[in-house]
Amino acid sequence: MHTIPCIDSAQARRVLGLGAFTVVAVGLLLILLTIPTPVGAASPAQGSATEGQTIFEAKCAGCHTIGGGKLVGPDLQGVTGLRDADWLTKWITDPAALVASGDQTAVDLVGEFGTTMPTLGLSPDEVASLIAYLDTTGGPAPSGSPTASTAPAEPLPPGDAQRGRELYTGAMRFTNGGPPCLSCHTIAGIGALGGGAMGPDHTDVYSRLGDAVITFPQTGTMLPIFGPDPLTPQEQADLLAFFRTAPVAERSFEAIWVLIGLAVLGALVLIGIASLVWRNRATEPVRVRMLRGTLPSQNHTKRTEG
Amino acid sequence: MDIRSHVSMVFHLDKCIGCHTCTVACKNIWTDRKGTEYMYWNNVETKPGTGYPTRWEDQEQYRGGWVLDEKGGKLKLRLQGKWGTLANIFYNPYLPSIDDYFEPWTYDYQNLFTAPEGDDQPTARAVSQITGRYMDTIEAGPNWDDDLGGSPVYADNDPNLDGATEEERRQIAEIDRTVFFYLPRICNHCLNPGCVAACPAGAIYKRAEDGIVLISQDKCRAWRMCISGCPYKKTYFNWSTGKSEKCILCYPRLESGQPPACFHSCVGRIRYIGLVLYDADMIQEAAMAPSDQLVDAQRAAIQDPFDPMVIAAARRNGIPDSKIQAAQNSPVYKFVKRWGLALPLHPDFRTLPMLFYVPPLGPVTSKMENGAYETVDAGAEGLAPMLAALDKSRVSLRYMASLFSAGNEDIVREVYYKLMAVRIYMRGKTVQDVTQAEVDEALALAGLSGSEAEAIFRLTSLPTYEERFVVPPMERETAIQAQFPDIDPLTRKASTGFGFREDPARRW
């Protein structure tokens, strides 16, 4: 009978423990409910133009300009006047879906620019902000049709491809001190070793983008680098001339063979040095050599048998 | 004068019967683990012979020990210096391979029970303990040339016979008169150890209070330079744990007052252990002595434990009186210093080994004549037969000098004079077929007094357990307190002597 009170008290403790747990759990739930969650408190999409500008510079400026002419995609100045907000929202949120749905505007854009816009993965809020920013840039739509040439406003002086190559590789410095293209990009025709792998390969950049390629230093990615140290028109012309000729020059196989030859030669030299330094490493156990009688330190004056 | 204490050893080779009991005792206690199958911290070799690992004395191949740089007047490791260590750190070219030891094996005993019925008896085939595959031919073992005196392969290839004359080689191998003796070997716990100097990781150390050389299993980085650095090849690499191991002189037994297992189990009672006091300031000088003076220089470094100056210096270094007393009772001190009977093995390696051997008189004098052992030339007068036996001994003095005195035959000859004088003295006393004049002449030649001869006889032939094994009180707590004053010695009380090995904390 002595055990029963023990069981009782244990049960009591268990019940008490359960009660305490419930109180804590309910309290936590209440606290959670009072915290305004972003989803629950979200109002219908409405964005701020400032936020939109940040998004534009980070995600759009690589392909689009506002009033700077056509790049990979169209100039977006006045785009909110051209398309309604609903269409823009759909397009920015998921371009591929819009194309797949057979929307005529979307299909035409793909036909004109040769590629569909990538899905940027923006939230509805961010899309709204972006559209708000595009709205503030306002202004009339670019004159002429979007297919019209959007060559740079000022005509460039005639360029020299050879000088462009030197500027690209860094053999010649940019006047304003910007880094040579080679540090981040590579292109055919600059030797077997190639250039950097950080930015895209420029080998077919001219065939993809045409003359517009030279406006790239003004895009979001490269602006922080070349904004303070812009290219001069002459340098732009030279680079453009180089881009025009570069794709013709394929990467030289001869150079690769020279590289392989040098590598083999270097390996042979290293193996030679190693085998000289470690020429005394034991190849066979002492015991085996002793039994064969080929130890250099073995005394060969054997006794005569019999 | 920097007096320190060292647990030191003497092996009396005249008493060794080559039974390998010491080897088995050690094997069963310490190296029956995975990765240690091939290790024999204690092994018994037949001499002349090539030993284990094969031709370990051949430093042209193995590069163990030290050499005296004549130009710089410096002691250098024969293996390599700093730059050599760096260049060879991932591949030490002078390592003995498993073929130089032997590939350890066991037998497929299960087959004896599970073999199907057949016309032939089932056999237990040899199975490699390293690869687990069957071994069709066993080509080497830890005592492969055991008792193979006169072998044209093993005895003839003993490095100590380099430079022996045709006649000396012929004597060793003569049919019906082949001659050999046994050389039991453990780590010598050297005063100037090559393994410690060669270790790039600083993992090997010599215990300050007793001189036992140990490898820290936590610090060992498996560079294996110690294996090359030790000229006696008494450090071994455990392929399973990736750490080197060696004889620890059974320090857990010593700390509980027992002699090491190989000493305790010795059937011939050839082994003596005791404390000696030495002057650490003399180590460098002793290691750099000219070849023919190496033995004397090492003897000089060992100090008289009865000298008041030495006792005072020992007390200054914190050596307790109990240890000084143990050093005074040490059989090692008597054999090595007082009587000058025990010699270091291969002092020419310049590591100052602290294991000393009394060279064997047996193969030197005894030979079979007309079906009986003759110790002296019958018919000769006085001491002439004894001296003749030395010069005509079948194992030449040159060979013994190569083993025990770096080639100085005079030192070996002096030892043999003493060993013979003790026998002649005791023969005169018990058999009484030797004249007193001859006894006196023999004692005078050996430089011994009658009472000394008596004492040598007693410690050689009739020693008690307590006389052979004077294990000093280890007083680890004193040593710990002296070394690490911050540690409370009582924290070590009743804790295991082995400690607990932790997984190595990788440093790179």
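Residues numbered from 1 in each chain as written. Chains lettered and ligands numbered in written order. Predicted model: local features only at pLDDT ≥ 70, side-chain atom pairs only at ≥ 80, totals over all residues. Heavy atoms only, no water.

S.K.: An account of the overall build of chain A is requested, with residue identities and associated values reported.
M.R.: Summing up its helical and strand segments, chain A has 14 helices and zero strands in all. Restricting the contact set of chain A to residue pairs at least 6 apart, pairs at least 24 apart contribute 60%. Carbon and sulfur atoms provide 65% of the accessible area of chain A, an area that totals close to 19,000 Å². (Helix = DSSP H or I, 4+ residues; strand = E, 2+ residues; numbered from the N terminus. Contact = heavy atoms within 4.5 Å. Areas by Shrake-Rupley, 256 points an atom, 1.4 Å probe, with all protein chains shown as cover.)

S.K.: Lay out the overall build of chain B with the relevant residues and their values.
M.R.: Looking only at helices and strands, chain B features 23 helices and 17 strands. Out of the 508 residues belonging to chain B, those deemed buried represent 55%. Long-range pairs, those at least 24 residues apart, make up 71% of the contacts in chain B with a sequence separation of at least 6. A total accessible area of about 22,500 Å² is found for chain B, and carbon and sulfur atoms account for 51% of it. (Buried < 20%, exposed > 50% of the residue type's maximum accessible area, 1.4 Å probe, protein only.)

S.K.: Quick one: what's the story with the packing of helix α18 (residues 397–404) of chain B against helix α19 (residues 409–430) of chain B, residue by residue and with numbers?
M.R.: Residue and element names in this part refer to chain B. At a closest axis distance of 8 Å, the pairing of α18 and α19 adopts a crossing angle of 105 degrees. Relative to α19, α18 is oriented roughly perpendicular. Between α18 and α19, the residues in contact are Leu-397, Arg-398, Met-400 and Ala-401 and Glu-409, Val-412, Arg-413 and Tyr-416, respectively. Taken together, the residues that form the contact of α18 with α19 break down as five nonpolar, no polar and three charged. (Axes fitted to C-alpha atoms, helices over the stretch in contact; angles between N-to-C directions. Parallel < 35°, antiparallel > 145°, perpendicular 65-115°, else oblique. Nonpolar A, V, L, I, M, F, W, Y, C, P; charged D, E, K, R; others polar.)

S.K.: Give me α18 of chain B: which residues, what numbers.
M.R.: It helps to recall that an α-helix has 3.6 residues per turn; residues three or four apart then point in one direction. All names here are of chain B. Among the eight residues that make up α18, six are buried, leaving the element largely enclosed by the rest of the structure. Every buried residue belonging to α18 is among Leu-397, Tyr-399, Met-400, Ala-401, Leu-403 and Phe-404, and all of these are buried. Just downstream of α18 lies Ala-406, where phi reads positive at about 55 degrees.

S.K.: So, the packing of α19 of chain B against helix α21 (residues 450–461) of chain B: which residues are in play, and what are the values?
M.R.: All names here are of chain B. Between α19 and α21, whose axes approach to 9 Å, the crossing angle comes to 95 degrees. Taken as axis vectors, α19 and α21 run roughly perpendicular relative to one another. Of the residues in α21, those touching α19 at Val-422, Tyr-425, Met-426 and Lys-429 are Gly-450, Ala-453, Glu-454, Ile-456 and Phe-457. Its residues assigned to classes, the contact of α19 with α21 comprises six nonpolar, one polar and two charged.

S.K.: Would you mind going over the interface of chain B and chain A in detail, with residue names and values included?
M.R.: With 29 residues of chain B in contact, the opposing surface of chain A contributes 20 residues. Across the pair Arg-287 of chain A and Asp-99 of chain B runs a salt bridge whose closest N-O atoms are separated by 3.7 Å. Inspection of the chain B/chain A interface yields seven residue pairs in polar contact (both at pLDDT 80 or more). When residues of the side of chain B that touches chain A are traced back to their parent elements, those giving at least two are α2 (59–62), α4 (98–101) and α6 (166–173) of chain B. Broken down by class, the residue content of the side of chain B that touches chain A amounts to 11 nonpolar, eight polar and 10 charged. (Salt bridge = Lys/Arg side-chain N within 4 Å of Asp/Glu carboxyl O. Polar contact = N/O pair within 3.5 Å; in protein donor to acceptor, adjacent residues only side chain to side chain.)

S.K.: Account for the state of the cysteines, naming residues and giving values.
M.R.: Residue and element names in this part refer to chain B. Under the definition given, this model contains zero disulfides over all chains. Here Cys-226 stays free of any disulfide, with the sulfur of Cys-199 as its closest cysteine sulfur at 6.4 Å. Unpaired in this structure, Cys-266 has its nearest cysteine sulfur neighbour in Cys-22, at a distance of 6.3 Å. (Disulfide = S-S within 2.5 Å.)

S.K.: I'd like a description of the environment of Ala-401 of chain B, backed by residues and values.
M.R.: All names here are of chain B. Note that Ala-401 resides in helix α18. Overall, the relative accessible area of 0% leaves Ala-401 in the buried class. Sequence-wise, Ala-401 and Val-412 are 11 residues apart; in three dimensions their C-alpha atoms are separated by 6.0 Å. With near-sequence residues (within four places) excluded, Ala-401 lies in contact with Ala-406, Gly-407, Asn-408, Glu-409 and Val-412.

S.K.: Mind laying out the nonpolar core, listing which residues take part and the relevant values?
M.R.: Grouped together as the largest cluster of nonpolar side chains are 139 residues, with contacts concentrated most on Val-10, Ile-186, Leu-249, Phe-263, Ile-273, Phe-335 and Phe-404 of chain B. No other element matches α19 of chain B, which puts 12 residues into this core. Those residues in contact with Val-10 of chain B that sit more than four places away from it in its chain are Ile-270, Arg-271, Tyr-272, Val-332, Phe-335, Val-336, Ala-342, Leu-355, Phe-356 and Val-358 of chain B. By size, the runner-up hydrophobic cluster in this structure holds 21 residues, among which are Ile-55, Phe-56, Trp-91 and Leu-98 of chain A. (Core = buried A, V, L, I, M, F, W, Y, C linked by side-chain atoms within 4.5 Å.)

S.K.: Please give an account of the confidence of the model for chain B that cites residues and values.
M.R.: Per-chain confidence: chain B averages 89 in pLDDT, with 91% of residues scoring 70 or above. Least confident of the elements in chain B is strand β16 (residues 367–369) of chain B, whose mean pLDDT is 57; most confident is strand β15 (residues 355–358) of chain B, at 98. (pLDDT = per-residue confidence, 0-100.)

S.K.: Describe the sheet that holds β15 of chain B, listing the residues and the values that go with them.
M.R.: Residues and elements named next belong to chain B. On the basis of which strands lie adjacent, the open sheet formed by five strands has the order β13-β12-β1-β15-β14 and mixed pairing. Edge positions in the sheet fall to β13 (302–303) and β14 (343–344), since each has one partner strand and no second. Contacting β1 (3–12), β12 (271–279), β13 and β15, helix α15 (residues 331–338) crosses the sheet at an angle of about 65 degrees to β12. (Pairing = 2+ DSSP bridges.)

S.K.: Pulling in residues and values, what's your account of the packing of aromatic side chains?
M.R.: All names here are of chain B. Per the counting criterion, the structure on display carries 29 aromatic pairs over all chains. Here the aromatic rings of Trp-30 and Trp-41 are separated by 6.2 Å at their centres, their planes lie at 20 degrees, and the arrangement is stacked. Here Trp-30, found in helix α1 (residues 21–30), pairs with Trp-41, found in the loop between α1 and β2 (43–47); they are 11 residues apart in sequence, far enough to count as distant. Comparing Trp-30 with Trp-41, the two get one shared label, buried. Between Tyr-38 and Tyr-101, the ring centres sit 4.9 Å apart and the planes meet at 65 degrees, which makes this aromatic pair edge-to-face. Note that Tyr-38 is positioned in the loop between α1 and β2 and Tyr-101 in helix α4, a separation of 63 residues in sequence. For Tyr-38, a relative accessible area of 5% puts it in the buried group. Its guanidinium or amino end placed over the ring of Tyr-40, Lys-27 lies 4.5 Å from that ring's centre, counting from NZ or CZ. (Phe/Tyr/Trp six-rings, centres within 6.5 Å; stacked < 30°, edge-to-face > 60°. Lys NZ or Arg CZ within 6 Å of the ring centre and 35° of its normal.)

S.K.: Any chance you could break down the pairing of strand β11 (residues 243–246) of chain B for me, citing the residues and the numbers?
M.R.: Residue and element names in this part refer to chain B. Of the two faces of β11, the one carrying Lys-243 and Glu-245 and the one carrying Ser-244 and Lys-246 are both buried. Pairing of strand β10 (residues 235–238) with β11, which is carried by four bridges, proceeds in the antiparallel orientation. Bridge assignment links Asn-238 to a residue of β11, and that residue is Lys-243. Where β10 folds back onto β11 in an antiparallel hairpin, the turn is made up of four residues, including Gly-242, whose phi is positive at roughly 70 degrees.

S.K.: Please give an account of the pattern of salt bridges that cites residues and values.
M.R.: All names here are of chain B. If you walk through the whole model with that rule in mind, you get 23 salt bridges over all chains. Notably, a salt bridge pairs Arg-55 with Asp-58, separated by 3.1 Å at the nearest N-O pair. There is no split in this pair, since Arg-55 and Asp-58 are both buried.

S.K.: Please give an account of unusual backbone geometry that cites residues and values.
M.R.: Residue and element names in this part refer to chain B. A cis geometry characterises the amide bond from Lys-47 onward to Pro-48, with omega recorded as -5 degrees. Residue Pro-53 follows Tyr-52 across a cis peptide bond; omega there is -5 degrees. Of note, Pro-53 is situated in the loop between β2 and α2. Despite not being glycine, Leu-249 shows a phi value in the positive range, around 50 degrees. Its location among the elements puts Leu-249 in the loop between β11 and α9 (251–255). Relative accessible area serves as the criterion here: at 2%, Leu-249 is assigned to the buried category.

S.K.: Describe α19 of chain B, with residues and values.
M.R.: All names here are of chain B. Between the first and last C-alpha of α19 there are 31 Å, a value that for 22 residues agrees with the 32 Å anticipated at 1.5 Å per step. In this structure Asn-408 caps α19, since a side-chain oxygen of it lies 3.1 Å from the backbone nitrogen of Asp-410. Of the residues trailing α19, Gln-432 is marked for its positive phi of about 60 degrees. (Expected span 1.5 Å × (residues − 1).)

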